[in-house]
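Fold and contact review
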Amino acid sequence: MTVSTELVLLELVNVGKSFGGLRAVHNVSMQVSAGAIHALIGPNGAGKTTTFNLINGIAPVSTGKIIFQGKDITGWPVHKLAAAGIARTFQTPQLFDEMTVIETVMAGCHLRGRLGPLRSMFAFRRKRHEEQAILDQASNLLRRVGLEGLMDEKAANLSYGHRRVLEVARALGTNPKLLLLDEVAAGLNPTETQYIATLIRQFAAEGMAILLVEHDMHFVMDMSHKVTVLNFGEVLAEGLPNEVASDPSVIEAYIGSWED
Ligand SMILES: Nc1ncnc2c1ncn2[C@@H]1O[C@H](COP(=O)(O)OP(=O)(O)OP(=O)(O)O)[C@@H](O)[C@H]1O
């Protein structure tokens, strides 16, 4: 499987992150292309989630730089990165149980609202118009992911699979160019996994770059155009799924991690 678009959207250049004396991520360089489904894999503690945290600004890099759409975004805060087009879901869905499905997605869309708080006070009509636009956008996103029938349901009442899909819909509210999915298939049954795989393929086909951290190797091998393997915070291997799966150093890293 190859990606036709070779436009590099995100580039990590010698990126590192230390926590005290621990080098969680060290000298990582990688490129993620528009329209690509790119998997970041590796044994437990390899530095995958930390890498996500660096890309979306939750944690500052210790060394190196991050380039997005040709711009150096190193050190940008989360909200600025979100506005620039980087969205993310978490290992455990981070939803407010009391919010309804439509409110949840609207909250994600709000990030893009153009009015600051002071201007909003003097711009009631424009604000109403903007809120209607956000409602329309959220409804469209829910239709897109197939949750439109659950719009008024509280997040707390959703099945685990629906919560995962809702988190993805909320992330789409910022109209991202790059979507980071942290173990989006974890805990899903095979039907739900297939469903979310189809959604991800659709997003990529529309030009979105998908970077996913995933432990389910069938999912990774089936979905990905490119795989980067981390081990002890460093890039161990990179390439097509079948290339990395047969790479002796990758096999050894995984076997080593099982023996620990
Ligand atoms: N906030 C933190 N403070 C100190 N150490 C941390 C912190 N976050 C991560 N680490 C350490 O950094 C290393 C990489 O952790 P990380 O969570 O990025 O790995 P991972 O590949 O995502 O693992 P898993 O597959 O188990 O989720 C680990 O040794 C972890 O204990």
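All values derive from a computational prediction rather than experimental measurement. (Residues numbered from 1 in each chain as written. Predicted model: local features only at pLDDT ≥ 70, side-chain atom pairs only at ≥ 80, totals over all residues. Heavy atoms only, no water.)

This part takes up the overall build of the chain. The helix and strand inventory of the chain stands at 10 helices and 10 strands. The 260 residues of the chain split such that 49% are buried. Taking the intrachain contacts of the chain between residues at least 6 apart in sequence as the baseline, contacts between residues at least 24 apart amount to 70%. Carbon together with sulfur atoms contributes 54% to the accessible area of the chain, which is approximately 12900 Å² in total. (Helix = DSSP H or I, 4+ residues; strand = E, 2+ residues; numbered from the N terminus. Buried < 20%, exposed > 50% of the residue type's maximum accessible area, 1.4 Å probe, protein only. Contact = heavy atoms within 4.5 Å. Areas by Shrake-Rupley, 256 points an atom, 1.4 Å probe, with all protein chains shown as cover.)

Take the sheet that holds strand 4 (residues 63-68) next. Sheet strands associate in pairs through backbone hydrogen bonding, adopting either a parallel or an antiparallel arrangement. Strand order in this open sheet of four strands is 2-1-4-5, and the pairing throughout is antiparallel. Only two strands of the sheet have a single neighbouring strand rather than two, namely strand 2 (22-33) and strand 5 (71-72). Against the sheet, helix 1 (residues 48-55) makes contact with strand 1 (8-19), strand 2 and strand 4, and its axis sits at roughly 115° relative to strand 1, the strand it touches most. (Pairing = 2+ DSSP bridges. Axes fitted to C-alpha atoms, helices over the stretch in contact; angles between N-to-C directions.)

What follows concerns the side chain of E214. Considering the arrangement of structural elements, one finds E214 in the loop between strand 8 (209-213) and helix 8 (217-223). Look at E214: it is buried, it has no salt bridge, and the nearest opposite charge is R164 at 7.7 Å. Other than its neighbours up to four places away in sequence, E214 contacts L40, I41, E183, V184, A185, A186, F219 and V220. (Lys, Arg positive; Asp, Glu negative; His and termini not counted. Salt bridge = Lys/Arg side-chain N within 4 Å of Asp/Glu carboxyl O.)

For the chain, the domain assignment lists domain 1 (1-85 + 176-259) and domain 2 (96-175). Contact residues are listed per partner, giving 18 residues for domain 1 and 13 residues for domain 2. Between domain 1 and domain 2 the total buried area reaches about 1300 Å² when both faces are included, carbon and sulfur atoms providing 65% of it. Counting across the interface, domain 1 meets domain 2 through one salt bridge. A salt bridge links E206 to R144; the shortest N-O distance between them is 2.2 Å. (Domains from an automatic or database assignment. Buried area = accessible area lost by both parts, 1.4 Å probe.)

Ordered in space as 6-7-8-3-9-10, the six strands form an open sheet in which the pairing is mixed. Edge strands, defined here as strands with exactly one partner in the open sheet, are strand 6 (86-89) and strand 10 (234-239). Direction aside, the axes of adjacent strands within the sheet are offset by 20° on average. Where strand 3 (residues 37-41) lies against strand 9 (residues 226-231), four bridges are found, and the strand directions are parallel. Its bridge partner lying in strand 9, H38 is registered against K226. Of the strands in this sheet, strand 3, strand 6, strand 7 (178-182), strand 8 and strand 9 are in contact with helix 1, which crosses strand 7 at around 150°. Along the sheet, helix 7 (residues 190-205) makes contact with strand 3, strand 7 and strand 8, crossing strand 8 at roughly 145°.

Time to look at the environment of L172. The topology assignment puts L172 in helix 6 (residues 160-172). Taking the relative accessible area as the measure of exposure, L172 reaches 4% and is therefore buried. When the C-alpha atoms of L172 and E192 are compared, they prove to be 19 Å apart, with 20 residues separating the residues in sequence. In this structure L172 touches L141, R144, V145, L179, F203 and M208, once residues within four positions along its chain are discounted.

Our focus in this paragraph is the pattern of salt bridges. Pairing between side chains becomes possible if they bear opposite charge and their charged atoms approach one another. Going through the model one piece at a time under the given rule, you end up with seven salt bridges. For the salt bridge of D222 with R201, the shortest nitrogen-to-oxygen distance reads 3.2 Å. Of the two residues, D222 sits in helix 8 while R201 sits in helix 7, which places them 21 residues apart along the sequence. A relative accessible area of 42% places D222 in the partly exposed class. Among the residues examined, R201 registers a relative accessible area of 31% and is labelled partly exposed.

It is worth spelling out the site of the ligand at this point. Of all residues adjacent to the ligand, which total 13 residues, the nearest are G45, G47, K48, T49 and T50. Contact between the ligand and A46: an oxygen atom at 3.0 Å from a main-chain N or O atom of the residue. Between the ligand and T50 there is a distance of 2.6 Å, counted from an oxygen atom to a side-chain nitrogen or oxygen. In isolation the ligand exposes 630 Å². Once the protein is present, 60% of that is buried. The set of elements that each furnish at least two residues to the shell around the ligand consists of strand 2 and helix 1. For the shell around the ligand, the element with the most residues is helix 1, which contributes three residues. Tallied by class, the residues present in the shell around the ligand amount to five nonpolar, seven polar and one charged. (Near = heavy atom within 4 Å. Polar contact = N/O pair within 3.5 Å; in protein donor to acceptor, adjacent residues only side chain to side chain. Nonpolar A, V, L, I, M, F, W, Y, C, P; charged D, E, K, R; others polar.)

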